[in-house]
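# Close look at the chain arrangement
Each chain is listed here by its residues.
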Amino acid sequence: MTYDSIEVQPLTPHIGATIGGINLARPLREKAHREIHDALMRHQVLFFHDQKITIDEHLALGRQFGDLHVHPGSPPPEGYPEILVVHADANSTKISGEQWHSDVSCDEQPPMGSILNLHTVPETGGDTIFASMYSAYDALSEPMKVFLSHLTATHDGEQVYRGRYADRGVNDTGKTYPKAVHPVVRTHPVTGRKAVYVNSYFTTRINELTQAESQTLLRYLSQHATQPAFQCRFKWQANSIAFWDNRCVQHIAMWDYYPQVRSGFRVTIKGERPV
Ligand code: SIN
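Residues numbered from 1 in each chain as written. Predicted model: local features only at pLDDT ≥ 70, side-chain atom pairs only at ≥ 80, totals over all residues. Heavy atoms only, no water.

### Things to note about the site of the ligand
Worth spelling out the cut-off: Here a residue is considered near a molecule or strand provided that any single heavy atom belonging to it is located within 4 Å of it. Residues adjacent in sequence count toward polar contacts only when both atoms are side-chain atoms; beyond that, a polar contact is any pair of N or O atoms within 3.5 Å, and within protein one must be able to donate a hydrogen and the other to accept it. To be clear on the numbers: accessible area is Shrake-Rupley with a 1.4 Å probe, and residue cover counts the displayed protein chains and nothing else. Cavities and pockets are found on a 1 Å grid laid over the protein atoms alone: a cavity is a set of points where a 1.4 Å probe fits but cannot escape, a pocket is an open set with protein on both sides within 12 Å along at least five of seven lines, and a lining residue has an atom within 4 Å of such a point. If over half the atoms of a molecule are within 2 Å of the grid points of a cavity or pocket, the molecule is regarded as sitting in it.
Neighbouring residues of the ligand: V86, G97, H101, D103, L116, T128, W244, H251, A253, R262 and R266. In the environment of the ligand, an oxygen atom lies 3.0 Å from a nitrogen or oxygen atom belonging to the side chain of H101. Residue T128 places a side-chain N or O atom 2.6 Å away from an oxygen atom belonging to the ligand. Protein chains shield 99% of the accessible area of the ligand, which is 260 Å² for the free molecule. Given that more than half its atoms are within 2 Å of the pocket grid, the ligand belongs to the largest pocket.

### Structural notes on empty space enclosed by the protein
How we decide: Grid points are joined across faces, edges and corners, and a volume is the space filled by probe spheres set on the points.
Under the definition given, this model contains 4 cavities of 30 Å³ or more. Together, H69, V70, H71, S74, P76, P81, E82, I83, L84 and T268 line the largest cavity.

### A short note on the state of the cysteines
What counts, and what does not: Any pair of cysteine sulfurs within 2.5 Å is marked as a disulfide. Buried means the residue's accessible area, taken with a 1.4 Å probe over protein chains only, is under 20% of the maximum for its type, while exposed means over 50%, and partly exposed covers the values in between.
As enumerated under the stated definition, the model contains 0 disulfides in all. You can see C232 has no disulfide; the closest cysteine sulfur is in C248, sitting 11 Å from it. You can call C248 buried: its relative accessible area is 1%.

### Brief notes about the nonpolar core
Going by this rule: Here, nonpolar core means buried Ala, Val, Leu, Ile, Met, Phe, Trp, Tyr and Cys residues that are tied together by side-chain atoms lying within 4.5 Å of each other. By definition in these notes, contact holds between two residues if any of their heavy atoms fall within 4.5 Å.
In terms of nonpolar packing, the biggest core is built from 39 residues, with F130, L148, V184 and I206 touching the most fellow members. Discounting residues that sit within four places of it in the chain, I206 has contacts with L151, T152, A153, V184, S214, L217 and L218. Counting residues in hydrophobic clusters, the runner-up holds 27 residues, among them I6, A39, L59 and I241.

### A closer look at the packing of aromatic side chains
A ring pair, where both rings are aromatic, is described by two values, the distance of the centres and the angle of the planes. Just so we agree on the cut-off: In summary, the pairing rule links any two rings of Phe, Tyr or Trp, Trp by its six-membered ring, whose centres are within 6.5 Å, and it sorts them by plane angle into stacked for under 30 degrees, edge-to-face for over 60 and tilted for everything else. The way it works is that DSSP assigns letters per residue, a run of H or I at least four long becomes a helix, a run of E at least two long becomes a strand, and they are numbered from the N terminus. Remark: a charge is flagged as sitting over a ring if the NZ atom of Lys or the CZ atom of Arg is within 6 Å of the ring centre and within 35 degrees of the ring normal.
Going through the model one piece at a time under the given rule, you end up with 9 aromatic pairs. Each ring, one from F65 and one from F243, has its centre 5.0 Å from the other, and the planes form 75°; the classification is edge-to-face. One end of the pair, F65, is in the loop between α2 (55-63) and β4 (83-88); the other, F243, is in strand β13 (residues 240-245), and 178 residues separate them in sequence. F65 sits in the buried class, given a relative accessible area of 14%. Three or more aromatic residues joined by ring pairs make a cluster, and in this case those are F47, F130, F234, W236 and W244. For R186, the ring lying beneath its charged end belongs to Y197, and the centroid distance is 4.7 Å.

Keep in mind these numbers describe shape, not what the thing actually does.
Written out as structure tokens, the structure is:
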């Protein structure tokens, strides 16, 4: 694939590309928008450096790729319901995304994509690791692919979000968090490729199996899907942006920089019901 308005440097054969030659603070011209979308479909997660953007520019960037999602648990900054705060410092007891996951997969229509901008980063550490769920699917044996094609899984927000934001003043007594059933293997609506769609954060049960079978298969799929061969690792700089496709990628945030500060904002783009 050739690109005219952006520079695309693949990070690994499976997943990830660094993108240059574009300023994301300005509205994207049609061709640049199309090429960024094409690159995302091909590489699944894109990385941009030196992108100093305001919250409003960040929201406008997200809206160029779809309607924006409002997080079911995380308290937004005043006046910005579609902004997710990502922040850790010496007072933090947990961080966002500390286990492998696809964002908010407990929603009936989980987010298509996420755009994370960090304005403050630790001296070293705080990397985000991404894994290709296409590669995970492709590496399965044919009998396993057939077996998984008959299965659905429950994704539950309760176990992830209940009490999670108490340190930011959220009392979630009486609140109900999203819970949804999705196919264990989903077909990407744009590329038509198949991807493993269970993760260790949200997926509680494979519905058609016994509890013991479900636990064993989920453990196997989590280990298989997140193996190093399917990964790329992003080293953040201040004002970097990562844009990932939740339909075919899982990610995990490294908290190896305590007590340093790592801080930024995420805009999340609405998606469709997985099929
Ligand atoms: C997230 O799960 O969106 C957070 C990722 C990160 O902080 O690197």
